[in-house]
Amino acid sequence: MPVIFRIAVACLATALLSASAPLRAETLTVRGAGSSAAKLVYQAWSEAFAKGGGSVIDYAPVGSSKGLKAIQAREVDFGASDLAPSPEALAKDGLVVIPTVVSGIAPIINLPELARTLHLDGPTLADIFMGRITHWNDPAIRRLNPDGTLPAAPIRVVTRSDGSGTTYNFTDYLAKVSPEWQHRFGANTLIAWPGKVLPAKGSSGVVDTVTSTPGAIGYVDFTYVLNGGLRTVALKNRAGQFVAPAIDSFRAALNASAWHSQGDFSQTLTDQPGSTSWPITMGTFVLLPKVMDERAGVATLRFFTWAFMHGDELASLAHFVRLPDVVQAKAYRALATITSREGKSIAYASLGQ
């Protein structure tokens, strides 16, 4: 457990001790829904939590947009998103946002005839997804790959058909590196993709479509690359260096960001400086009601308190990057603002193991 976070928890527990008596531990199912990219880390945490006697966590990886709608309607105990809503939206919906881990988005390709790693840069990637570059041997791609023979095959662009935080972060990056993309599309969870694309539902759908379609390119969270043995690309980053998606390059981007220096997780992690930073790094978040049923609230907060206190190693094993200490401390302070319907803070009870 990080030192800063341990101090924050200890101070909070002391402050709440006289205000709230611990509740008796009760086992029940905690329901969550949202980000498909974050599925594997919540799965790893929930399995370990249940083995230790904690509640069952029923998580549905339906995509960030559906997860947000589910928590807005209070159909689940927590929503999960790869995009943090604005403070105004959180206030309107009565929600608290908590960052959990950091990962990255990787373009994936199906080019078995290409023997070496494909090199791309941001503007070229944007032109591919705008339908302006339509063949793999286009001059723009050849310039980035002078030592390889590129196939003359058509490019088949695979995109998410559902509202997705992965899409938001991917297009946030494209908007930063391509003025035309920024002008035409900007960053959004759902895009009216130009040209002929192959729509796929969820990250799993993108993986299935790319792997079954010669000449395809899509984008998924890095954990799908590792678990599926998928082929990705090297991207030229802001420092002009070609880097591969990897835990170390996500960590480099995180360490170069305001998340690390200021604990400010309101900014996206795309296009960060640094010679080893992966350009499409992203954080993922959970959304919780500011006012919860006491029993469900304690069970939910207990899970996330446990995850922050004990889940770092499991996050690494699931190929995610843990949060900086200062962000973890802010996350727990945000959890501490959640109350029962009777106005009682339920954070202290969540410290019970």
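What comes next is a walk through the structure.

## Observations concerning the overall build of the protein chain
Assigned secondary structure in the protein chain consists of 15 helices and 13 strands. What you see for the protein chain is a C-alpha radius of gyration of 21 Å, in line with the 20 Å of a compact globule of 353 residues. Viewed in the frame of its principal axes, the protein chain has a C-alpha envelope of about 70 × 40 × 35 Å. Within the span of the protein chain, comprising 353 residues, buried residues form 58% of the whole. Considering only contacts in the protein chain between residues 6 or more positions apart, those separated by 24 or more positions represent 77%. The protein chain carries 31 positive and 27 negative side-chain charges, and their two centres are separated by 1 Å.

## Considerations on the packing of helix 5 (residues 122-129) against helix 7 (residues 165-177)
Remark: helix 5 packs on helix 7, axes separated minimally by 9 Å, with the N-to-C direction vectors making an angle of 120°. Like other packed secondary-structure pairs, helix 5 and helix 7 cross with a definite hand, here left-handed. Contacts between helix 5 and helix 7 involve G122, P123, L125, A126 and F129 from the former and F170, Y173, L174 and V177 from the latter. Grouping the constituent residues of the contact of helix 5 with helix 7 by class yields eight nonpolar, one polar and no charged.

## Digging into the sheet that holds strand 10 (residues 242-243)
Reading across from one edge, 5-9-10 is the order of the three strands in this open sheet, with mixed pairing throughout. The sheet is open, and its two borders are formed by strand 5 (119-120) and strand 10, each paired with just one other strand.

## Re the pattern of salt bridges
What the rule picks out here adds up to 12 salt bridges. A salt bridge links R132 to D127; the nearest nitrogen and oxygen atoms lie 3.9 Å apart. The shortest N-O distance in the salt bridge between R132 and E180 comes to 2.3 Å. Of this pair, R132 sits in the loop between helix 5 and helix 6 (139-144) while E180 sits in helix 8 (residues 179-184), placing them 48 residues apart in sequence. It is possible to trace a salt-bridge network through shared partners that takes in D127, R132, E180 and R184.

## Points about the packing of helix 2 (residues 39-51) against helix 13 (residues 294-310)
Following both chains from N to C, one finds helix 2 and helix 13 inclined at 105°, their axes separated by 11 Å at the closest point. By the angle between their directions, the pair helix 2 and helix 13 is classed as roughly perpendicular. Where helix 2 approaches helix 13, its residues Y42, W45, S46, A48 and F49 are matched on the opposing element by R302, F303, F304, W306 and A307. Each residue belonging to the contact of helix 2 with helix 13 can be placed in one class, and the counts come to eight nonpolar, one polar and one charged.

## Focus on the side chain of T189
Considering the arrangement of structural elements, one finds T189 in the loop between helix 8 and strand 7 (197-200). Judged by relative accessible area, T189 falls into the buried class, the value being 16%. Not counting the four nearest positions on each side in its chain, T189 is found in contact with S65, L83, D162, G163, S164, T167 and Y168.

## Description of the pairing of strand 4 (residues 95-109)
When a strand is regular, its side chains alternate between the sheet's two faces. Across the 15 residues of strand 4, 15 count as buried, placing the element largely inside the fold. Note that strand 4 and strand 11 (residues 281-289) share nine bridges and pair antiparallel. Bridged to V97 within strand 11 is L287. The sheet contact formed by strand 4 and strand 8 (residues 216-221) spans five bridges and is antiparallel. Among the inter-strand pairings, I108 is bridged to a residue of strand 8, identified as G218.

## Digging into the environment of A38
Assignment of secondary structure puts A38 in the loop between strand 1 (29-34) and helix 2. Here A38 falls in the buried class, since its relative accessible area comes to 0%. A38 sits 247 residues away from F285 along the chain, and the two C-alpha atoms are 8.8 Å apart. Not counting the four nearest positions on each side in its chain, A38 is found in contact with T284 and F320.

## Points about the sheet that holds strand 2 (residues 56-60)
Across the sheet, eight strands lie side by side as 2-1-3-11-4-8-6-7; this open sheet has mixed pairing. If you trace the sheet from one side to the other, it starts and ends with strand 2 and strand 7, each paired once. Neighbour-to-neighbour, the strand axes of this sheet turn through a mean angle of 25°, independent of strand direction. Sitting on the sheet, helix 3 (residues 64-72) is in contact with strand 1, strand 3 (78-81), strand 4 and strand 11, with an inclination near 155° to strand 3.

## Concerning the packing of aromatic side chains
All chains considered together, the criterion is met by 19 aromatic pairs. With 6.0 Å between their ring centres and 5° between their planes, Y59 and F78 make a pair best called stacked. With a gap of 19 residues between them, Y59 in strand 2 and F78 in strand 3 connect regions that are remote in the sequence. Residue Y59 is classed as buried on the basis of its relative accessible area of 15%. Taking the relative accessible area as the measure of exposure, F78 reaches 0% and is therefore buried. Among the aromatic residues, ring-to-ring pairing joins Y42, W45, F49, Y59, F78, F303, F304 and W306 into one connected group.

Calculation criteria
Residues numbered from 1 in each chain as written. Predicted model: local features only at pLDDT ≥ 70, side-chain atom pairs only at ≥ 80, totals over all residues. Heavy atoms only, no water. Helix = DSSP H or I, 4+ residues; strand = E, 2+ residues; numbered from the N terminus. Rg over C-alpha atoms; globule rule 2.2 N^0.38 Å. Buried < 20%, exposed > 50% of the residue type's maximum accessible area, 1.4 Å probe, protein only. Contact = heavy atoms within 4.5 Å. Lys, Arg positive; Asp, Glu negative; His and termini not counted. Charge placed at Lys NZ, Arg CZ, Asp CG, Glu CD. Axes fitted to C-alpha atoms, helices over the stretch in contact; angles between N-to-C directions. Left-handed = near helix turned anticlockwise from the far one by under 90°. Nonpolar A, V, L, I, M, F, W, Y, C, P; charged D, E, K, R; others polar. Pairing = 2+ DSSP bridges. Salt bridge = Lys/Arg side-chain N within 4 Å of Asp/Glu carboxyl O. Parallel < 35°, antiparallel > 145°, perpendicular 65-115°, else oblique. Phe/Tyr/Trp six-rings, centres within 6.5 Å; stacked < 30°, edge-to-face > 60°.

Keep in mind these values describe shape, not function.
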